[in-house]
Amino acid sequence: MAIRMSMQQAAPEPKRSKPEESVAGAVSGDSGESMTRRRELMAAAAEKRMAAAAIVSPSPSPAPPAPVVDKGKGKVVEKGGEEVVKGEKKEKEKEEVKVDVKDGNLRSKELSAEEANELFVMVFGSDVSKGILARWCNQGIRFSSDSATSMGLVQHEGGPCGVLAAIQAFVLKYILFFSDELKNASTVPNRGPGSSFKSQSVPSFDFSSLTEGVKLRALVRSMGEILFSCGGNKRAVIATMTIPGNDIQQSEGVSEDEVSRSLEGLSIESASDLQKVLRVETYTSQTTALQRLEAIIPLFQSRLGALLFLISTLLSRGLDLVQSDRDDPSLPLVTTPFGHASQEIVNLLLCGEAVPNVFDGKMDLGGGMFLKGISRNVEVGFLTLLEYLNFCKVGQFLKTPKWPIWVVGSESHYTVLFALDPSVQNENELEGRETQIRKAFDAQDQSGGGGFISVEGFHQVLRETNIKLPPQKLDQLCNTEFIVWSEFWQVILDLDKSSGGLKDSSGLMGKKVFDLYHFNGIAKSDLNGSQVSYGGETPLQKPRLTKLRVSVPPRWTPEEFMTDVKVSSVSSSAAGESSGKDSEVSKPEPSQHAPLVDCVRTRWARAVCSWSGDPPSIV
């Protein structure tokens, strides 16, 4: 429009002899010539940025080429060769995409009916119940009002716990290990894109002292990190909403009350309902994306927050790439009949790819068929009770994340386990050796985690790990078609260290004692006898935070040694122990059991856990 207006008047003569100050002063004047010049400059700059923004799209398909202007005929050549007279664009096309060229980002793109239907069916399937939709449309991303669990996101509806637990894991990462950065009033970190985080130990943490500003900045950075991870660290798509009469996505600093009033009476029961209100914004600048997330955070705190963030992650990844990540794209991402988040959703949030499995890499099934697992190291990890029940095997990428924080999966719920000290994951020499051997064995295991390999694969393991077995032991293990891990492991335990084994006569090396914390975000009544009631009748519904004392004996030590023999000292490599603590340990602390302990033991074999009060719950 600015270009057309400028063409209606005579173009100003270039004033090359004038200094820049004179030109700037003329632009601010009232002359028609200067205003025309200003419009031309602004239009040219806007056109340049719009052309750059056109390549940014929330779908993985390539963007159409920018229109080519035929100056001689005053026409615009569109994709496919169709010529449209300049100034006669269809009004419908103008309404479909609103462009804000700030920072080179495409803003507020309305999904087409086809895209909205593809998204809805991908998430919920073609025959979703109203109950499942209601649970996913009534869960915001909100912190607990209880001071003891103020760092935690509270869950009131069953189903979206997978989304909340993954966000919670990243929130804890920032609160625990980057608290100094969060105290800065700015949400945007003062770091370049290639800079690394500095690890720090947190000996203790008072969660009740967290300020709202610190929690907000932790949440915004967590959401931004997840979205850019889904977008290959190149882009983030933020899903917002436009309600007729109250345009939320255009409101900077919108309040919670305004969002709540806008959502009154709104129900999403079909793809068309979603398409009417959903808008998507694509960002290539992390700084701008974080600022936008902070401005509209009340929208994600609203009852549609969890669903909007899930949609944001899917669009950041790209719907086509999400489907290619999966083993069976025909199944909905929200499982039936209870509406739980699938493993694909959890993996997407943790590692940026919607793969359905938790083992490392790919599993070759033959005939060109593969099962897809985790492809790289992750910031926060994952443990599951299903591994203890032998339904799956979690790989080292998820078991040993960069930070000591894990999403914990049960048959029906997701919670979070974390430590304050990153050294809980440190390995001593013998543990490192065990990990090396196990990793080499697993690389040859084509049984889907069954724990056995072929004779040919076994010889490859021996070569890679430099294990020299006596001929008699070698023949004994290879006299069958397959080598079982448990039998091989017993041989390694009895093999001297000089031959590549782990024989240790003292049994003391590698003992660890440390603390873990378990957070269950679902709001339940306090059962510990110190119930907080409203009016003395109704117990307070709040999340639960449980501290566990964990003692991990050396994985190669017989059970009877740990229960019958007095230990004169504890290895200096034990993580989490203070130097002034008792120097003599006769027996480990009394063992307590809960399903969470079984999850912990998939990470630290034969761990002994104890806690105060009611057992931690993973359901």
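Residues numbered from 1 in each chain as written. Predicted model: local features only at pLDDT ≥ 70, side-chain atom pairs only at ≥ 80, totals over all residues. Heavy atoms only, no water.

Looking at the overall build of the protein
Now for step 1: When helices and strands are counted, the protein shows 24 helices and 18 strands.
Now for step 2: Going through the 619 residues of the protein one by one, you find that 46% of them count as buried.
Now for step 3: Look at the contacts in the protein between residues 6 or more apart in sequence, and 69% of them connect residues 24 or more apart.
Now for step 4: Counting only carbon and sulfur atoms, one obtains 52% of the accessible surface of the protein, whose full area is about 30300 Å². (Helix = DSSP H or I, 4+ residues; strand = E, 2+ residues; numbered from the N terminus. Buried < 20%, exposed > 50% of the residue type's maximum accessible area, 1.4 Å probe, protein only. Contact = heavy atoms within 4.5 Å. Areas by Shrake-Rupley, 256 points an atom, 1.4 Å probe, with all protein chains shown as cover.)

Brief notes about the sheet that holds strand S6 (residues 278–283)
Now for step 1: With respect to topology, three strands assemble into an open sheet ordered S4-S6-S5, the strand pairing being antiparallel. Each having just a single partner strand, strand S4 (109–110) and strand S5 (236–241) make up the two edges of the open sheet.
Now for step 2: Sheet strands in contact with helix H12 (residues 286–295) are S5 and S6, and its direction is about 145° off that of S6. (Pairing = 2+ DSSP bridges. Axes fitted to C-alpha atoms, helices over the stretch in contact; angles between N-to-C directions.)

Let's talk about the pattern of salt bridges
Now for step 1: Considering all chains together, one arrives at 15 salt bridges under this definition.
Now for step 2: A salt bridge links Glu110 to Arg279; the nearest nitrogen and oxygen atoms lie 3.9 Å apart. Here Glu110 is found in strand S4, whereas its partner Arg279 is found in strand S6, with 169 residues between them in sequence.
Now for step 3: With a closest N to O distance of 3.2 Å, Lys215 and Glu212 form a salt bridge. Of this pair, Lys215 and Glu212 both sit in helix H9 (residues 212–230), separated by three residues, roughly a single helical turn.
Now for step 4: Given a relative accessible area of 3%, Lys215 falls into the buried group. (Salt bridge = Lys/Arg side-chain N within 4 Å of Asp/Glu carboxyl O.)

Here's the deal with the packing of helix H20 (residues 455–465) against helix H21 (residues 471–478)
Now for step 1: H21 packs onto H20 with a crossing angle of 145° between their chain directions and a minimal axis gap of 11 Å. You can see that H20 and H21 cross each other, and the crossing is right-handed. Seen from H20, the contacting residues are Val455, Phe458, His459 and Leu462; seen from H21, they are Leu474, Leu477 and Cys478.
Now for step 2: Residues of the contact of H20 with H21, tallied by class, amount to six nonpolar, one polar and no charged. (Left-handed = near helix turned anticlockwise from the far one by under 90°. Nonpolar A, V, L, I, M, F, W, Y, C, P; charged D, E, K, R; others polar.)

Thoughts on empty space enclosed by the protein
Now for step 1: Taken as a whole and assessed by the stated rule, the structure comprises five cavities of 30 Å³ or more.
Now for step 2: As for the largest cavity, its lining consists of 13 residues, of which Leu153, Leu164, Ala165, Tyr414 and Gly521 are closest to the centre.
Now for step 3: The set of elements that each furnish at least two residues to the lining of the largest cavity consists of helix H7 (161–177), strand S11 (414–418) and strand S14 (512–525).
Now for step 4: Ranked by the residues each element gives to the lining of the largest cavity, the list is headed by H7, at four residues.
Now for step 5: Counted by class, the lining of the largest cavity contains eight nonpolar, five polar and no charged residues. (1 Å grid on protein atoms, 1.4 Å probe; cavity = no way out; pocket = protein on both sides within 12 Å on 5 of 7 lines; lining within 4 Å. Points joined across faces, edges and corners; volume = space filled by probe spheres on them.)

Here's the deal with the packing of helix H19 (residues 429–444) against helix H22 (residues 485–493)
Between two packed helices, what matters for the description is the angle formed by their axes and the separation of those axes.
Now for step 1: One way to put it is that H19 packs onto H22 with a least axis distance of 12 Å and a crossing angle of 150°. Relative to H22, the element H19 is oriented roughly antiparallel. Here H19 and H22 pass one another in a crossing that is right-handed. Along its contact with H19, which presents Glu434, Ile437, Arg438 and Phe441, the element H22 presents Trp485, Phe488, Trp489 and Ile492.
Now for step 2: For the contact of H19 with H22, the class distribution of residues is six nonpolar, no polar and two charged. (Parallel < 35°, antiparallel > 145°, perpendicular 65-115°, else oblique.)

Observations concerning the confidence of the model for the protein
Now for step 1: Of all residues in the protein, 67% have pLDDT values of 70 or greater, and the mean over the chain is 77.
Now for step 2: Below pLDDT 50 for its whole length, residues 10–31 participates in ten contacts with residues either more than four positions away or in separate chains.
Now for step 3: The low-confidence segment residues 51–104, where pLDDT is below 50, has 69 contacts with residues more than four positions distant or belonging to other chains. (pLDDT = per-residue confidence, 0-100.)

Here we look at the side chain of Glu344
Now for step 1: Following the sequence through the fold, Glu344 ends up in helix H16 (residues 343–351).
Now for step 2: Classification of Glu344 as buried rests on a relative accessible area of 11%.
Now for step 3: One polar contact links Glu344 to Arg326, side chain to side chain, over a distance of 3.0 Å.
Now for step 4: Excluding its chain neighbours within four sequence positions, the residues that come into contact with Glu344 are Arg326, Leu333, Glu353, Ala354, Val355 and Pro356. (Polar contact = N/O pair within 3.5 Å; in protein donor to acceptor, adjacent residues only side chain to side chain.)

Some thoughts on the pairing of strand S10 (residues 405–409)
Now for step 1: When you tally the buried positions in S10, you get five out of five residues, the bulk of the element.
Now for step 2: Burial along S10 is two-sided: the residues Ile405, Val407 and Gly409 and Trp406 and Val408 are all buried.
Now for step 3: The pairing of S10 with S11 spans five bridges and is classified as antiparallel. When the bridges of S11 are listed, Trp406 appears paired with Leu417.

Considerations on the nonpolar core
In summary, soluble globular proteins display a tendency toward joint burial of nonpolar side chains.
Now for step 1: Core analysis: the biggest nonpolar cluster contains 102 residues, and Phe124, Ile167, Phe300, Phe309 and Phe418 have the highest contact counts within it.
Now for step 2: Here the element with the most residues in this core is H7; it accounts for 14 residues.
Now for step 3: Aside from chain neighbours lying at most four places away, what touches Ile167 is Ile141, Leu153, Leu219, Ser222, Ile226, Phe309 and Leu349.
Now for step 4: Core analysis: the second largest hydrophobic core is formed by 22 residues, Ala419, Val550, Ala607 and Ile618 among them. (Core = buried A, V, L, I, M, F, W, Y, C linked by side-chain atoms within 4.5 Å.)

Points about unusual backbone geometry
Now for step 1: The amide bond that connects Thr336 to the next residue, Pro337, takes the cis arrangement and shows omega of 5°.
Now for step 2: Relative to the elements of secondary structure, Pro337 occurs in the loop between helix H15 (319–325) and H16.
Now for step 3: Positioned with a positive phi, Asn233 is a non-glycine residue whose angle comes to about 60°.
Now for step 4: With respect to the helices and strands, the residue Asn233 is situated in the loop between H9 and S5.

Let's talk about a nonpolar patch on the surface
Now for step 1: Among the surface-exposed residues, Tyr388, Leu389 and Phe391 lie close enough to one another that they form a single nonpolar patch of about 340 Å² accessible area.
Now for step 2: With respect to the element layout, Leu389 can be found in the loop between helix H17 (385–388) and helix H18 (396–399).
Now for step 3: Of the residues examined, Leu389 reaches a relative accessible area of 37% and is grouped as partly exposed. (Patch = residues over 30% accessible without salt bridge, like charges linked within 9 Å, V, L, I, M, F, W, Y side chains within 5 Å.)

Considering H16
Now for step 1: Burial analysis of H16 places nine of its nine residues in the buried class, the great majority of the element.
Now for step 2: On its buried face, H16 is in contact with H7, H9, helix H14 (305–317), strand S9 (381–384), S10 and S11.
Now for step 3: Downstream of H16 by a residue or two, Gly352 has a phi angle that is positive, lying close to 85°.

Focus: the packing of aromatic side chains
Now for step 1: For the structure shown, the criterion picks out 16 aromatic pairs.
Now for step 2: On the numbers, 5.3 Å between centres and 50° between planes, the contact of Phe120 with Phe124 is tilted. Residue Phe120 and its partner Phe124 are located together in helix H5 (residues 113–124), separated by four residues, close to a single helical turn. For the residue pair Phe120 and Phe124, the accessibility class agrees, reading buried in each case.
Now for step 3: Here Phe300 and Phe309 contribute two aromatic rings whose centre-to-centre distance is 6.4 Å and whose plane-to-plane angle is 80°, an arrangement assigned as edge-to-face. Here Phe300 matches Phe309 in class, with each residue buried.
Now for step 4: In this structure, Arg438 is placed above the aromatic ring of Trp485, and the distance from its NZ or CZ to the ring centre is 4.2 Å.
Now for step 5: The cationic tip of Arg603 hangs over the ring face of Trp604; the distance from NZ or CZ to the ring centre is 4.7 Å. (Phe/Tyr/Trp six-rings, centres within 6.5 Å; stacked < 30°, edge-to-face > 60°. Lys NZ or Arg CZ within 6 Å of the ring centre and 35° of its normal.)

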